[in-house]
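As a plain string of letters, each chain reads:
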Amino acid sequence: MTQNVSVIGLGKLGASMAGAFASRGFNVVGVDVNQRSIDLVNEGHAPVQETDLEEYISQNKERIRATLSHEDAVLNSDISFVIVPTPSDEKGSFSLQYAEWAFKEIGKALAKKSTYHNVVLTSTVLPGATRQGLIPILERESGKKAGVDFGVCYSPEFIALGSIIRDFLNPDFTLIGEFDERSGAMLEDIYSRAMVNHQKSARMSLENAELTKISVNTFVTTKITFANMLAEICEKLPGGDVDVVSNALGLDARIGRKYLTGAIGYGGPCFPRDNVALTYIAKELGVEAEIASTTDGMNRSIAAKVADRLIPMVKPGSTVAVLGLSYKPFSHVTEESQGVYVARQLSKHGVRVVAYDPMSNEMSLDDLRRDFVVLDSIKECLAQAEAVLITTPDPAFKDLAAADFKNEWAEVLVFDFWRTLREQLKDAPGIKYVGIGTSEDDAANTARLKKLWWGNDGESNGASGK
Ligand SMILES: NC(=O)c1ccc[n+]([C@@H]2O[C@H](COP(=O)([O-])OP(=O)(O)OC[C@H]3O[C@@H](n4cnc5c(N)ncnc54)[C@H](O)[C@@H]3O)[C@@H](O)[C@H]2O)c1
């Protein structure tokens, strides 16, 4: 029963995993290629920013050490979790260049090891990558055989940035792709002792696990996109309200309510790229993954659609405020964020865009500031905006009142994607409130439906089926 684990790659996931394992009594050796990360961990500090990570590392520092040496880590642990970047490449696949280098170093260390060692790839990869791309490197460098001298698993985590440690320790299930029974059983035993709330393990082949990992994100994004489609339909129905529809749909046990809130599209470092990757691998296998490619296409078209809808509603040269630049509340990550995409799209149309995010102090803003203005407060944004777009459901936007939107413009247009301010703003004088996913004009929507069912002349037509 091993207590000694190593984690290769001390980034957002790896450092969190190291802190989480140590908090559960495991001895952890962390490896990174970045000396500063090593120094920080050895001083008892988090090498990256993530919720609770500083406390997990500092409070368990007697059980965590970090090194630049893969050999040191492999020789002083029984299992290594490899959690290095696998960036998307130009084809839409995930590049293995960092993983290949890590596996090469691990293979060299395995050559010097006489006892069994399990190598677990945690980074996101596509089907075939572990067995075809990485195991041969381990065998070549070590001169040993997988399944005989060492074990191999593919076991990704299902975590969200901002709650990585909590998600890691309390998974819905653990996914174990195994080269053989022995490596899978060893990993399952470790998880059963590491997880606070250990649910089922799903054990399977490496390839099935690789597909399962990207399928989770692809399915969730499909659900988000479906809800966004419902939101658009609701805007065309008298009294239409996507929350009412989603709440009811969520009661069906086959569907569930999570990720079914029609609003604006998804973003961040994982969701968008996983649809692209699934589309790519399916095509390479001779399968058209139309759901994944359509979901991706619909998500990427949102910013342009928002701009096309908003531009005719504002005066030329006016200022538009975008509240929310991160891809989700409490995050400083702006990668593939809809707020940023919308702000850029509006700028392209010649609108002056001012933006604010509660986390902007922690964001890298240089790139964003080339396209629009980022201000220090909501107040500064609202003081000048003829139109305001609220792109994330951040609680910081929840307490805004109609009076906060008053400025030189006689009427301020508010696009509220998450309907955060619906009660406060929908009938407020001086505000034209657009609650995304709710009926935009009951009278016009009623007339449209009436025409569909009864035609222009009041005679029933085909749509009624009469
Ligand atoms: N960030 C997420 O939300 C998320 C979610 C699920 C899965 N993933 C996957 O997890 C993996 C890691 O993501 P991350 O966000 O932690 O990345 P990250 O960039 O934050 O960290 C990666 C770390 O690996 C180090 N590294 C690179 N090559 C190395 C090597 N050969 N040996 C040792 N260390 C090395 C880097 O210096 C860096 O510290 C990726 O495959 C990603 O797709 C990420």
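To be clear, the structure that these remarks concern was listed above.
All residue numbers refer to positions counted from 1 along the written sequence of the respective chain. Residue-level local features of this predicted model are given only where pLDDT is at least 70; pairs of side-chain atoms are given and counted only at 80 or more, and the full residue set underlies all totals for whole chains, interfaces and linings. The side-chain values count all of the structure's non-hydrogen atoms but skip hydrogen atoms and water molecules.

1. A few points about the sheet that holds strand 7 (residues 174–178)
Either a parallel or an antiparallel arrangement is found when strands of a sheet pair, and the pairing is made through backbone hydrogen bonds.
Stage number 1. Any two strands are treated as partners once DSSP identifies two or more bridges connecting them. Helix and strand definitions follow DSSP, with helices as H or I runs of at least four residues and strands as E runs of at least two, each counted in order from the N terminus. The strand order 3-2-1-4-5-6-7-8 describes an open sheet built from 8 strands, whose pairing is mixed. Every interior strand has two partners, whereas the edge strands, strand 3 (64–67) and strand 8 (201–204), have only one. Averaged over all neighbouring strand pairs, the angle between strand axes comes to 25 degrees, with direction disregarded.
Stage number 2. Sheet topology places strand 2 (residues 27–31) next to strand 3; 4 bridges connect them, and they run parallel. Residue pairing in the sheet places Gly-30 in a bridge with Ala-66 of strand 3.
Stage number 3. Here a residue-residue contact requires only that any non-hydrogen atoms of the pair lie within 4.5 Å. All axes here are fitted lines through C-alpha atoms, helices being fitted over the stretch that makes contact, and every angle between N-to-C directions spans 0 to 180 degrees. Running over the sheet, helix 5 (residues 97–111) touches strand 1 (4–8), strand 4 (79–82), strand 5 (117–121) and strand 6 (150–154) and is turned about 175 degrees from strand 5.

2. Some words on the site of the ligand
Stage number 1. It suffices for a single heavy atom of a residue to lie within 4 Å of a molecule or strand for the residue to be listed as near it. Within the structure, the ligand sits among 24 residues, and Lys-12, Leu-13, Asp-32, Thr-86 and Arg-273 are positioned closest to it.
Stage number 2. Polar contact is defined as a pair of N or O atoms within 3.5 Å, subject to the rule that within protein one atom must be able to donate a hydrogen and the other to accept it, and that residues adjacent in sequence are counted only when both atoms are side-chain atoms. Asp-32 places a polar side-chain atom, nitrogen or oxygen, 2.6 Å from an oxygen atom of the ligand.
Stage number 3. Residue His-70 places a side-chain N or O atom 3.0 Å away from a nitrogen atom belonging to the ligand.
Stage number 4. Considered on its own, the ligand offers 830 Å² of accessible surface; in the complex 87% of this is hidden by protein.
Stage number 5. Only helix 1 (12–23) and helix 5 provide two or more residues apiece to the shell around the ligand.
Stage number 6. Broken down by element, the residue count for the shell around the ligand peaks at 3 residues, all from helix 5.
Stage number 7. When residues are sorted by character, Ala, Val, Leu, Ile, Met, Phe, Trp, Tyr, Cys and Pro go into the nonpolar class, Asp, Glu, Lys and Arg into the charged class, and all the rest, Gly among them, into the polar class. Partitioning the shell around the ligand into residue classes produces 14 nonpolar, 6 polar and 4 charged. The Shrake-Rupley method, run with a 1.4 Å probe, gives the accessible areas here. Residue values count only the displayed protein chains as cover.

3. A word on the packing of helix 13 (residues 302–310) against helix 14 (residues 338–348)
Stage number 1. Across the interface, helix 13 lies against helix 14 with an axial gap of 8 Å and an inter-helix angle of 50 degrees. On the basis of their axis angle, the class for helix 13 and helix 14 is oblique. Seen along the crossing, helix 13 lies across helix 14 with a hand that is right-handed. Here Ile-302, Ala-303, Ala-304, Val-306, Ala-307 and Leu-310 of helix 13 lie close against helix 14, whose contacting residues are Gln-338, Tyr-341, Val-342, Gln-345 and Leu-346.
Stage number 2. When grouped by side-chain class, the residues that make up the contact of helix 13 with helix 14 number 9 nonpolar, 2 polar and no charged. Put simply, angles under 35 degrees are roughly parallel, angles over 145 are roughly antiparallel, angles from 65 to 115 are roughly perpendicular, and the rest are oblique. Put simply, a crossing is left-handed when the front helix is turned counterclockwise from the back one by less than a right angle, and right-handed when it is turned clockwise.

4. Some points on the layout of surface pockets
Stage number 1. With a 1 Å grid spanning the protein atoms alone, the term cavity applies to any set of points in which a 1.4 Å probe fits but cannot get out, the term pocket to an open set with protein on both sides within 12 Å along at least five of seven lines, and the term lining residue to any residue with an atom within 4 Å of a point. Grid points are joined across faces, edges and corners, and a volume is the space filled by probe spheres set on the points. Put simply, the second largest pocket is a space of about 360 Å³.
Stage number 2. Together, 18 residues line the second largest pocket, and Glu-232, Glu-235, Lys-305, Val-306 and Arg-309 are the ones closest to its centre.
Stage number 3. The element best represented in the lining of the second largest pocket is helix 9 (residues 206–234), accounting for 5 residues.
Stage number 4. Of the residues assigned to the lining of the second largest pocket, the class counts are 10 nonpolar, 2 polar and 6 charged.
Stage number 5. Built from parts of two domains, the lining of the second largest pocket gets at least three residues from each of domain 2 (227–300) and domain 3 (302–435). Note: domain ranges come from an automatic or database domain assignment.

5. Let's talk about the sheet that holds strand 11 (residues 373–374)
Stage number 1. Spatially, the 6 strands line up as an open sheet ordered 11-10-9-12-13-14, and their pairing is parallel. Across the chains shown, the open sheet's two edge strands, defined by having one partner strand only, are strand 11 and strand 14 (431–435).
Stage number 2. As defined by bridge partners, strand 13 (residues 412–416) adjoins strand 14 across 5 bridges and the pair is classed as parallel. When the bridges of strand 14 are listed, Phe-415 appears paired with Val-434.
Stage number 3. Sheet strands in contact with helix 13 are strand 9 (319–323), strand 12 (387–390), strand 13 and strand 14, and its direction is about 155 degrees off that of strand 13.

6. Looking at the nonpolar core
Stage number 1. As used in this record, nonpolar core signifies buried Ala, Val, Leu, Ile, Met, Phe, Trp, Tyr and Cys residues forming a set joined through side-chain atoms within 4.5 Å. Only protein chains enter the accessibility calculation, which uses a 1.4 Å probe; a residue whose area is less than 20% of its type maximum is buried, one above 50% is exposed, and one in between is partly exposed. Core analysis: the biggest nonpolar cluster contains 34 residues, and Leu-10, Phe-21, Val-28, Ile-79, Phe-81 and Leu-187 have the highest contact counts within it.
Stage number 2. Elements with a contribution of two residues or more to this core: strand 1, helix 1, helix 2 (35–42), helix 3 (53–59), strand 3, strand 4, helix 7 (164–169) and helix 8 (181–194).
Stage number 3. Per-element tally for this core: the top contributor is helix 1, with 6 residues.
Stage number 4. For Ile-79, the contacting residues outside a window of four places in its chain are Asn-4, Val-5, Ser-6, His-117, Asn-118, Val-120, Met-186, Leu-187 and Ile-190.
Stage number 5. Membership of the second largest hydrophobic core comes to 30 residues, among which are Leu-310, Val-340, Met-359 and Val-374.

7. Quick notes on unusual backbone geometry
Stage number 1. Despite not being glycine, Asp-52 has its phi angle at roughly 65 degrees, a positive value.
Stage number 2. Of note, Asp-52 is situated in the loop between helix 2 and helix 3.
Stage number 3. For Asp-52, a relative accessible area of 42% puts it in the partly exposed group.
Stage number 4. With a phi close to 65 degrees, Phe-330 is a non-glycine residue in the positive phi region.
Stage number 5. By the secondary structure assignment, Phe-330 is in the loop between strand 9 and helix 14.
Stage number 6. The exposure class of Phe-330 is exposed, given its relative accessible area of 60%.

8. Side note on the pattern of salt bridges
Stage number 1. Think of a salt bridge as a Lys or Arg side-chain nitrogen and an Asp or Glu carboxyl oxygen that are within 4 Å of each other. Here the structure, examined in full by the defined rule, presents 26 salt bridges.
Stage number 2. Its salt-bridge partner being Glu-188, residue Arg-203 comes within 2.8 Å of it at the nearest N-O pair. Pair noted here: Arg-203 is in strand 8 and Glu-188 is in helix 8, with a separation of 15 residues, a long-range link.
Stage number 3. A relative accessible area of 29% means that Arg-203 is categorised as partly exposed.
Stage number 4. Overall, the relative accessible area of 25% leaves Glu-188 in the partly exposed class.
Stage number 5. With a shortest N-O distance of 2.9 Å, Arg-309 and Glu-235 are connected by a salt bridge. With Arg-309 in helix 13 and Glu-235 in the loop between helix 9 and helix 10 (242–250), this pair connects stretches of sequence that are 74 residues apart.
Stage number 6. Take Arg-309: its relative accessible area is 27%, and that puts it in the partly exposed class.

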